[in-house]
Amino acid sequence: MEPFGSVRNAGARVGFGSDWPIDPMDEFLALKCAVTRSGDPQNPNSAAYTNPDYTGPINSDPALSRADTLRAITMNSAWQLRMEQNIGSIEVGKYADLIVLENNFMQASDEALGRNSVLLTMVGGNVVMGTGDYATLGTALNAKVSTAQASRARQIEQALNWGAYNPYACQCGMRHNILPRQA
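Note that the structure is predicted; figures quoted are calculated from it, not measured. What you see as residue numbers is a count from 1 along each chain, following the sequence as written. Under the rules for a predicted model, residues below a pLDDT of 70 receive no local features and side-chain atom pairs below 80 are neither given nor counted, while totals for whole chains, interfaces and linings still include all residues. Computation of side-chain values covers all heavy atoms of the structure but excludes hydrogens and water.

Things to note about the nonpolar core
To keep things clear, this is the line we draw: Each nonpolar core is a collection of buried residues, namely Ala, Val, Leu, Ile, Met, Phe, Trp, Tyr and Cys, held together in the definition by side-chain atoms within 4.5 Å. Note on exposure labels: buried denotes an accessible area under 20% of the residue type's maximum, exposed denotes more than 50%, and partly exposed covers the range between, all computed with a 1.4 Å probe on protein chains only. Strands here are runs of E lasting at least two residues and helices are runs of H or I lasting at least four, both read from the DSSP assignment and numbered beginning at the N terminus. The contact criterion used throughout is that any non-hydrogen atoms of two residues lie within 4.5 Å.
Of all hydrophobic cores here, the largest spans 12 residues; its members are Val14, Phe16, Phe28, Leu31, Ala34, Val35, Leu64, Ala72, Phe105, Ala108, Ala112 and Leu113. Tallying contributions element by element places helix α2 (residues 27–36) first for this core, with four residues. Excluding its chain neighbours within four sequence positions, the residues that come into contact with Leu64 are Phe4, Gly5, Arg8, Val14, Phe16, Ala34, Val35 and Thr69.

Written out as structure tokens, the structure reads:
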């Protein structure tokens, strides 16, 4: 487990990434670990699920605050990818990629952080997935999206399907799900 709290306290900008397919693609578990420094014994993707030694804080290194954790997975990761002009925050002129969660990340219990679920996903301003009360929202919202926004959303969707590769983002040799840098 990375010493994010110590790194942050030393003044560094912490950005999150993924070692998928090495680690499970479980962003909520990663967020929980950043906040609590512990695994989740009820989550099969967590080492604590199979080994009680990983239940509870892994060591005495400080955790990130919830605000720092959200910044790490959004704005700081966008900065790390050199994409902060396009992604990382909800602002006019950016791609409008966002999710609506079942539980408020800032208010959920520590135990619930790793078991959150997505109710709505927007990519490029288009609703691409909705469940429950959000299931029909996509049709209404997407009807209002301009042609330019729809084109940008298709570009993003293609990139998310391994259609684009930004060699400046990572040098690990894997084709990450990111858009090419805009001119």
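Following the structure, the description resumes.
A closer look at α2
With eight of its 10 residues buried, α2 lies for the most part within the structure. Buried within α2 we find Phe28, Leu29, Leu31, Lys32, Cys33, Ala34, Val35 and Thr36. At its buried positions, α2 is contacted by α4 (66–73), β1 (98–101) and β2 (118–123). One or two steps after α2, the chain reaches Arg37, where phi turns positive at roughly 60 degrees.

Focus: the pairing of strand β3 (residues 126–130)
On any regular strand, side chains alternate: one points to one face of the sheet, the next to the other face. Worth spelling out the cut-off: Two strands are said to pair when DSSP picks up at least two bridges between them.
In the sheet, β2 pairs with β3 via four bridges, with the strands oriented antiparallel. In the strand pairing of β3, Val123 is matched with Asn126. Hairpin connection between β2 and β3: a loop of two residues separates the two successive antiparallel strands, and Gly124 in this loop has a positive phi of roughly 60 degrees.

What about the side chain of Ser38?
Spelled out, the test is: Pairs of N or O atoms are called polar contacts if they sit within 3.5 Å, as long as, within protein, a hydrogen donor faces a hydrogen acceptor (for residues adjacent in sequence, only side-chain-to-side-chain pairs).
Note that Ser38 resides in the loop between α2 and α3 (47–50). Using a relative accessible area of 8% as the deciding quantity, one classes Ser38 as buried. In this structure the side chain of Ser38 is engaged in a polar contact, spanning 3.2 Å, whose partner is the side chain of Lys32. Within the structure, the side chain of Ser38 is placed 2.9 Å from the side chain of Thr36, a separation counted as a polar contact.

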